[in-house]
Structures are given as C-alpha cells and as structure tokens.
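Chain by chain, the residues run as shown.
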Amino acid sequence: MDEELQNTCQTFRSFATAPPEKWRLSRLENGLRIFEEEEDPQRSTDERSPGCKGVGLICSRPEPIFRRVMDLEESRREWDLTFDHGSVIEVIDEHTDVIQVTFRRPCSPQDFCLKRHWRCEPDGSYVVVLSSAEHPECQHGGEGLRRGKLCGGWIIAPFSSSDAADIQTPPGAGAPRHQSQSQSSTACLVTSVVRLERKGWFEWLRAAGVASLPQRVVLAQVAGLRELCEHTSDLLQLEELEFGHLALNSVSERRLAEKSEEADNFFEATSEAEVSDDEGCASVLEPADLCVEPGAPAGEAETSGCTTLGGADGVPVTDSPIQCSGSLDKGMWPFEEGHTSTNCWCEPDGDYFRVRGANYLRDRKKVSAGKTFADLVAVDWFVDYQRIDDLCSRPTGTCQREILSGSPHAHERFVFAVNIQVPGSRHFSIVYYYVLNAPLDENSLFGRFVKGTDEFRNSRFKLIPHVALGPWVVQRAVGTKPLIVGRALKVAYHSKPNYLEVDIDIGSSTVANNVVRFVLGYVRTLVVDMCFLVEGKTDGELPERLLGTSRVAHLDMESAVAPPPVA
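Residues numbered from 1 in each chain as written. Predicted model: local features only at pLDDT ≥ 70, side-chain atom pairs only at ≥ 80, totals over all residues. Heavy atoms only, no water.

### Structural notes on the pattern of salt bridges
And step 1. According to the stated counting rule, one finds 23 salt bridges in the structure shown.
And step 2. Between Arg356 and Glu535 there is a salt bridge whose closest N-O contact spans 3.3 Å. Placement of Arg356 in strand β13 (residues 354-356) and of Glu535 in the loop between β22 (527-534) and β23 (546-553) is noted, with a sequence separation of 179 residues between them.
And step 3. A residue is classified by how much of its surface remains accessible, and Arg356, at 2% relative accessible area, is buried.
And step 4. Classification of Glu535 as buried rests on a relative accessible area of 0%.
And step 5. A salt bridge links Arg457 to Asp454, with the shortest nitrogen-to-oxygen separation between them at 3.0 Å. With a gap of three residues between them, Arg457 and Asp454 both fall in helix α12 (residues 454-460), about one helical turn apart. (Salt bridge = Lys/Arg side-chain N within 4 Å of Asp/Glu carboxyl O. Helix = DSSP H or I, 4+ residues; strand = E, 2+ residues; numbered from the N terminus. Buried < 20%, exposed > 50% of the residue type's maximum accessible area, 1.4 Å probe, protein only.)

### As for the pairing of strand β10 (residues 188-196)
And step 1. Burial of β10 is extensive: nine of the nine residues sit out of reach of the surface.
And step 2. Burial along β10 is two-sided: the residues Cys188, Val190, Ser192, Val194 and Leu196 and Leu189, Thr191, Val193 and Arg195 are all buried.
And step 3. Bridge count for strand β3 (residues 52-58) against β10 is seven bridges, and the pairing is antiparallel. Paired with Gly56 across the two strands is Val190, which belongs to β10.
And step 4. One ladder, built from nine bridges, connects strand β9 (residues 150-158) with β10; its direction is antiparallel. Residue pairing in the sheet places Ile156 in a bridge with Val190 of β10. (Pairing = 2+ DSSP bridges.)

### Here we look at the packing of aromatic side chains
And step 1. On inspection of all chains with the given rule, the structure shows 16 aromatic pairs.
And step 2. Plain terms: the ring middles of Phe461 and Phe532 are 5.9 Å apart, the flat faces sit at 5° to each other, and that makes the pair stacked. Of the two residues, Phe461 is situated in strand β18 (residues 461-469) and Phe532 in strand β22; the sequence distance between them amounts to 71 residues. Just as Phe461 is buried, Phe532 falls in that class too.
And step 3. The ring centre of Phe35 lies 5.1 Å from the NZ or CZ of Lys53, which sits over that ring.
And step 4. The lysine or arginine in question, Arg76, covers the ring of Phe83, its NZ or CZ lying 5.5 Å from the ring centre. (Phe/Tyr/Trp six-rings, centres within 6.5 Å; stacked < 30°, edge-to-face > 60°. Lys NZ or Arg CZ within 6 Å of the ring centre and 35° of its normal.)

### Section: the confidence of the model for the protein chain
Parts of the model with low pLDDT should not have their predicted coordinates read in detail.
And step 1. When pLDDT is averaged along the protein chain, the result is 76, and 72% of the positions lie at 70 or above.
And step 2. When mean pLDDT is taken per element in the protein chain, strand β21 (residues 499-505) scores highest with 97 and helix α8 (residues 287-290) scores lowest with 33.
And step 3. For residues 200-209, every residue scores under 50 in pLDDT, and the model assigns this stretch 18 contacts once sequence neighbours within four places are set aside. (pLDDT = per-residue confidence, 0-100. Contact = heavy atoms within 4.5 Å.)

### Observations regarding the sheet that holds strand β20 (residues 490-496)
And step 1. An order of β15-β17-β16-β21-β20 is seen for the five strands of this open sheet, with the pairing classed as mixed. On the outer flanks of this sheet lie β15 (374-384) and β20, each paired with one strand and no other. When the angles between neighbouring strand axes are averaged without regard to direction, this sheet yields 15°.
And step 2. The pairing of strand β16 (residues 415-422) with β21 spans seven bridges and is parallel. The residue of β21 that forms the bridge with Val418 is Val502. (Axes fitted to C-alpha atoms, helices over the stretch in contact; angles between N-to-C directions.)

### Re the sheet that holds β22
Strand pairing in a sheet is mediated by backbone hydrogen bonds. Such pairs are either parallel or antiparallel.
And step 1. What the six strands build is an open sheet, ordered β11-β12-β23-β22-β18-β19; its pairing is mixed. Lying at the two open borders of the sheet, with one neighbouring strand each, are β11 (329-330) and β19 (483-484).
And step 2. Alignment of β18 against β22, held across eight bridges, turns out to be antiparallel. Considered in β22, the bridge of Phe461 is made with Val534.

### Notes on the environment of Glu501
And step 1. Within the secondary structure, Glu501 sits in strand β21.
And step 2. Spatially, the C-alpha atom of Glu501 lies 8.1 Å from that of Val415, the residues being 86 residues apart in sequence.
And step 3. Among all residues touching Glu501, those that are not within four sequence positions of it are Asp389, Asp390, Leu391, Cys392, Ala417, Asn419, Ala492, Tyr493 and His494.
And step 4. Of note is the side chain of Glu501, whose polar atom sits 2.8 Å from the backbone nitrogen of Leu391. (Polar contact = N/O pair within 3.5 Å; in protein donor to acceptor, adjacent residues only side chain to side chain.)

Below is the structure:
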C-alpha cells in the first residue's frame with residue numbers, strides 16, 4: 001500500500017510540475033499564476049477538459065495549510081469560495097479516504113464523490129491527490145445538482161530558493177516524515193490542480209479575458225487560502241500554540257537561501273571601489289551581512305566620525321512625535337498583535353544592513369549600520385495618469401500639511417523624501433518621508449549632499465534593496481547589490497530650506513523598468529526592505545551611516561490613491 005501511495009503521489013506531482021511546454025501561463029493576478037494544460041488533439045470534447053493549476057506563495061507553515069486543505073467542515077467556507085459542504089464517506093487507511101464535496105451554486109451546481117490520497121514527502125512537502133470514485137454511500141447531492149467528475153489535488157511545498165529552482169523535479173521515495181525544512185519554513189509554494197469533466201458547455205463559454213470555470217476554481221482556492229493565512233491573526237495564533245512560535249518570526253529564515261558569486265542583479269551601477277569589494281553587498285549578501293535576529297544585540301558599530309553624517313553634535317530636535325503615516329498605513333512585519341502586517345510600512349532596524357566601516361579604505365571591512373540619523377514618519381502610495389513629481393511642495397500633501405506644520409517646532413524639521421516613480425498606463429509613486437533626528441549640519445556629508453550640485457548627489461546617493469520575503473525568482477531579479485542611483489537612473493532633486501525630495505524615475509532605464517514591472521506581478525506576496533545613505537569615500541566620511549530604512553509588506557496595487565493637487 002505504501003508503494004501504491006508513493007506512486008500515486010509521484011505521478012500527480014510529475015503531472016503538476018511538468019515542463020513549461022505542458023502548461024501554458026494563462027493569467028497572472030496579484031502574484032498568483034494560473035496555468036492551463038495544453039490541449040491534446042486526440043482528446044474528444046466529451047472527455048475531460050484540459051487541466052488547470054494555480055500557483056502562489058503563502059506565508060504560513062506547511063502543516064496548517066495542509067490541515068486547511070483537508071478540512072471539510074463549515075470553517076472551509078471562510079476561505080474556499082467554491083465549497084458549499086462536504087463530508088468523509090469512508091476512511092480506507094491512514095492515507096486514503098472517500099469524500100463527498102458540493103460546489104457552491106454560484107460557482108457550479110455540481111457535487112463530487114472523490115477518492116483522496118495524501119502523503120508527507122521526505123522534503124517536507126504535502127501532496128493531496130483527488131480522483132472521481134463510485135461509492136454506495138455517496139448519495140446524489142439533491143435537486144438542481146449534477147454529479148460531476150473531477151481529478152486534481154494539492155502540492156504544499158516549504159519555500160526556499162532550492163525548492164524554487166527544483167520545483168519541477170518530483171521528490172524521491174521515502175517514508176512520510178517531518179523534516180527540518182518543513183519545521184523551519186515560514187512560507188510555502190502552494191499548487192492547486194483541477195481537471196473537470198467537460199459537461200454543461202455554458203459554464204465554459206466566456207468572453208475574452210474572463211476566467212473559465214477551472215480557472216475560477218483554482219484562483220478562488222489558492223487566493224482564498226492565501227488571504228486567510230496572511231490576513232487573520234487566528235492562524236498565526238494557532239501556529240504559535242502548535243509549533244511554539246509565530247510564523248515569520250525569524251529573520252534568519254528569510255535570509256537568502258543561496259549564495260552566488262555572480263548575482264542576477266538588475267543594477268550594476270556601483271562605485272569603483274565597490275566593484276572589487278568582496279564583502280557582502282558587492283554580490284549577493286552573505287546571510288550575516290544582511291540580517292540579524294529580531295531582538296538580538298546590535299553589532300558594535302564603529303561610531304568614530306558619526307557626526308559627519310548626522311546633525312550638529314547629535315543634538316535632538318525638540319519636538320512632539322509626528323502624528324501622520326501618509327496614505328499607506330503604518331504596520332508591523334513580522335506580525336505583532338495589534339498591528340496590521342499587510343499593505344503597510346514599517347521601519348526595520350539599521351543593523352539589518354552593513355555599511356563601510358571606519359577603516360574600509362584599508363581593510364574593506366563592513367560593519368553593522370546601527371541607528372539611522374533620520375526617522376521614517378510617513379509613506380504615500382499614489383497613482384495618477386501622469387508622472388508624479390515634486391510632492392513636497394504641494395500645500396495639501398503629507399510634507400507640507402502633516403510634517404512641516406501642526407507643531408510649534410515643525411519649522412525646525414528637515415524632511416528628506418524619496419519618491420520612486422513607476423511609469424505605465426497608470427503612473428505609480430511610493431514616497432518615503434524621513435525627518436532628521438538632529439538639526440541639519442551643512443558641513444556634514446549629508447549637509448554637503450543637501451546643498452551640493454546634482455553631479456555630486458548623483459555620484460553619492462546610494463540605495464540597498466532586499467526582498468525579505470518573496471519568490472526566489474524575484475529575489476534573484478532584484479538582488480541585494482548597493483546601487484549608486486544617479487548612475488543608473490534619471491534622478492530629479494527638489495530642494496528647499498526645510499526639505500529635499502529625490503524623484504527616481506524607474507522608467508528611465510529599460511532594464512530597471514522591466515524588472516520592476518515583473519516584481520509588481522508578485523507585489524502582494526512580497527516584503528521589500530530598502531535603506532538609503534550617502535556614500536563615504538574618505539576617512540573623514542567613514543564609517544557610513546544610514547539616512548533611513550524602510551519596509552513595505554504585501555502592498556496592494558489597488559490601494560493607491562490620487563496624489564494631492566499641484567499648487
């Protein structure tokens with residue numbers, strides 16, 4: 001029986017992960033990929049339709065997802081929009097049973113009698129295989145329903161770079177056993193496959209661009225499961241009880257799982273010194289160079305020369321906290337009780353990144369960045385039909401209305417804003433607003449950057465990206481190499497006595513624009529970190545200090561709002 005179960009699961013997995021020529025990408029919706037099996041010319045129209053599969057990254061552990069997929073109780077209706085009711089008809093053995101499932105009538109008036117096999121593979125993946133069956137106790141669902149035929153199933157694979165690279169390789173044999181990868185993984189690549197009998201042609205006829213019935217089934221199931229796992233704290237609390245800690249609570253688990261000497265970064269514009277640097281940021285960062293455990297003691301960052309980037313002797317600006325967050329809500333990722341963890345922003349610790357140390361020019365050593373000298377106080381997420389420029393000057397915008405007013409000391413603040421512009425049929429802008437935590441020192445490196453020429457700014461302004469959570473292919477596309485922004489992209493600077501806005505036009509680079517457009521297809525599944533700094537090139541400008549950091553979690557494209565009007 002074990003061999004039969006293994007063969008059944010392997011056959012299904014081979015079918016579901018067949019080479020690309022067997023599956024055609026049909027739709028891409030919010031990071032979920034929908035594929036259709038290529039038509040077989042020898043298959044008659046009276047036989048089953050081609051298969052359809054949905055693939056998505058879900059932020060949860062494999063075991064809770066498996067339990068949700070196996071659940072036939074009323075609670076399944078919370079996430080599976082195709083499910084009306086179901087029951088177990090007969091338990092055959094510990095890995096096989098017979099079930100009856102009825103679709104919701106708005107989806108399709110059908111019920112199914114299915115034989116269900118399941119297995120935990122040696123790599124920690126769960127495989128669930130469904131096939132139509134006959135059983136004397138599986139009675140017809142009732143008036144208005146017809147008995148349908150269905151085959152398909154689920155693959156729930158712990159996510160890592162190696163899994164993503166080898167996702168089309170069927171796993172080897174082995175006894176069902178929880179492996180370390182399954183125990184430690186906090187995200188899974190989930191595949192749902194459905195092949196329905198082609199009856200009731202009205203369910204298949206569709207206008208151009210409208211999903212067919214099998215597409216709607218897999219999209220509803222995978223999207224619903226992802227929404228449940230990412231948007232309800234109940235599942236996270238369940239995992240805490242079952243596994244001893246919250247999912248996604250270890251930064252080390254989100255580190256890049258694969259080191260490469262030549263990363264597929266989409267930007268190559270680094271400083272001359274950086275090109276030959278064999279420390280973390282010159283290629284894919286070493287895990288220890290990028291992340292630290294939450295709550296762990298900060299590394300001993302070198303502090304000599306720190307005032308070369310900050311304010312006047314580090315004297316804080318006397319002011320009350322700024323009560324604004326911009327059009328995008330402030331939250332917390334990883335999830336914390338009382339905070340949203342999706343479609344939100346937060347400010348990761350500066351020690352997540354490494355920068356040039358005090359002796360970098362001699363030893364090429366990088367150190368933990370330590371505390372930033374500006375605080376992220378708001379993030380805006382805008383959309384318009386034209387490029388969105390110079391937002392800090394707009395009277396009703398976040399900078400003028402919220403940050404530089406409303407407090408007796410507001411006029412003492414200095415705002416540094418980064419506006420990342422993504423062109424297209426609709427133009428998007430994500431805008432980060434930082435406020436210096438000390439008065440601007442015009443003799444400091446940052447002060448010289450603020451008052452300097454565009455040529456100087458373009459040669460020094462540095463950005464370090466990092467996809468903290470997301471598909472391996474996105475991590476590889478974005479990379480983690482520091483970018484001298486002005487050498488790769490067109491940058492516009494808008495400067496006034498109390499603010500400097502940096503507008504970065506992604507569309508000015510064909511390569512960058514294509515990569516960002518690709519990334520936007522996955523944006524709901526991503527957690528993206530960035531940090532900004534001015535590059536230090538002399539001993540007096542070292543160690544480097546971060547101006548600010550940002551983290552945007554699971555951004556919803558449709559949540560973008562119109563920008564404030566131009567004055």
